[in-house]
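What follows is the residue order along each chain.
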Amino acid sequence: MDTVEEAFSSMIASLNTDIGGVHIFSGGRTDVPPIVGDNLGDLVAATAGGNMFQNDGRKAIAKIGQNTDMEYSLLADEVAEDLFMAIKVLADFDNLTPISGELTPAQNTFLESQLSVFENVIEDLRIVLSSNGMRYGRADELLEEHQEQETFMLNFISDIEDVNMAEAITRVNNDQTALEVSYKLTSELSRLSLLNFI
């Protein structure tokens, strides 16, 4: 249980992380930490594991492309509510029958029954982690596309701004002469008939 308590306190500290005073797992309530309490005793005192969360359900959304919006935040309860509930069951059991030393058959049976619960919670966390990784990958791809477009546009603008006016006028005059010659040739070809060759 000491290990569980240490891990639980570490989870709370991670989920209550703030950057510049903005709590990143709180959804729209960025001014408050998403987790109420800071140790296993607070979880035991709560009527349910979900009661420790005070984040709301709003996820941050960013426009990452012309027609692409992406939800990019995770909510504390989305990440850890099932885990908190599983730990609460374990902690409540420990309060009634302290888990230490040699296990009784009842303790052994209880702990074995909880293994599948924790396996399911871990699998759910893997799914959340995978989903978050895919969003990160997509955002990274779009960032690369934006950087390529920016480089193209900067080169395009540079070509316009840094143009040599004399050279540009010469090129326009040459293109205009070539166009006039092609019009004249097309005009002469359209007047040709079989009589010109008889």
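Placed above this text is the structure.
In this text, all values refer to a predicted model and were calculated from it rather than measured experimentally.

What counts, and at which threshold
- Residues numbered from 1 in each chain as written.
- Predicted model: local features only at pLDDT ≥ 70, side-chain atom pairs only at ≥ 80, totals over all residues.
- Heavy atoms only, no water.
- Helix = DSSP H or I, 4+ residues; strand = E, 2+ residues; numbered from the N terminus.
- Rg over C-alpha atoms; globule rule 2.2 N^0.38 Å.
- Contact = heavy atoms within 4.5 Å.
- Patch = residues over 30% accessible without salt bridge, like charges linked within 9 Å, V, L, I, M, F, W, Y side chains within 5 Å.
- Areas by Shrake-Rupley, 256 points an atom, 1.4 Å probe, with all protein chains shown as cover.
- Salt bridge = Lys/Arg side-chain N within 4 Å of Asp/Glu carboxyl O.
- Pairing = 2+ DSSP bridges.
- Buried < 20%, exposed > 50% of the residue type's maximum accessible area, 1.4 Å probe, protein only.
- Axes fitted to C-alpha atoms, helices over the stretch in contact; angles between N-to-C directions.
- Parallel < 35°, antiparallel > 145°, perpendicular 65-115°, else oblique.
- Left-handed = near helix turned anticlockwise from the far one by under 90°.
- Nonpolar A, V, L, I, M, F, W, Y, C, P; charged D, E, K, R; others polar.

A. Fine view of the overall build of the protein chain. Along its length, the protein chain carries five helices and four strands. Each helix and strand of the protein chain, ordered N terminal to C terminal, gives the series α-β-β-α-β-β-α-α-α. In summary, the protein chain has a C-alpha radius of gyration of 34 Å against a globular reference of 16 Å for 198 residues, an excess of more than 25%. Taking the principal axes of the C-alpha coordinates as reference, the protein chain spans close to 120 × 45 × 25 Å.

B. The arrangement of the environment of L90 in detail. Within the secondary structure, L90 is located in helix 3 (residues 76–96). Separated by 46 residues in the primary sequence, L90 and V44 place their C-alpha atoms 9.5 Å from one another. Residues contacting L90, with those up to four places away along its chain left out, are M1, V4, I99, F110, L111 and F118.

C. A look at a nonpolar patch on the surface. Together, F152, M153, F156, I157 and I160 make up an exposed nonpolar region whose accessible area comes to about 510 Å². Here I157 is to be found in helix 4 (residues 105–161).

D. Seen up close, the pairing of strand 4 (residues 68–71). In this structure, strand 3 (residues 61–65) lies alongside strand 4, joined through four bridges in antiparallel fashion. By the bridge assignment for strand 4, A62 is matched with M70. As consecutive antiparallel partners, strand 3 and strand 4 are separated by two residues.

E. Expanded view of the pattern of salt bridges. This model, assessed by the stated rule, comprises five salt bridges. In this structure, the salt-bridge partner of E78 is K59, at a minimum N-O distance of 2.8 Å. Separated by 19 residues along the polypeptide, E78 in helix 3 and K59 in the loop between helix 2 (40–45) and strand 3 bring together distant segments of the chain. Judged by relative accessible area, E78 falls into the partly exposed class, the value being 34%. Across the salt bridge formed by D92 and K88, the nearest N and O atoms sit 3.2 Å from each other.

F. Region of interest: the packing of helix 1 (residues 2–15) against helix 3. It is the contact of helix 1 with helix 3, at a shortest axis distance of 12 Å, that shows an interaxial angle of 160°. Classified by the interaxial angle, the pair formed by helix 1 and helix 3 is roughly antiparallel. Crossing of helix 1 against helix 3: the hand is left-handed. Contact residues: V4, F8, M11, I12 and L15 in helix 1; A76, V79, A80, L83, F84, I87 and L90 in helix 3. Here the contact of helix 1 with helix 3 is composed, by residue class, of 12 nonpolar, no polar and no charged.

G. Broad picture of the packing of helix 3 against helix 4. Running from N to C, helix 3 and helix 4 cross one another at 170°; their axes reach a closest spacing of 9 Å. In terms of their interaxial angle, helix 3 and helix 4 are classed as roughly antiparallel. The segment helix 3 lies against helix 4, with E78, V79, D82, L83, A86, I87, V89, L90 and F93 engaging A106, Q107, F110, L111, Q114, V117, F118, V121, D124, L125 and V128. The residue makeup of the contact of helix 3 with helix 4, split by class, is 15 nonpolar, two polar and three charged.

Spatial relationships are all this shows, so hold off on functional conclusions.
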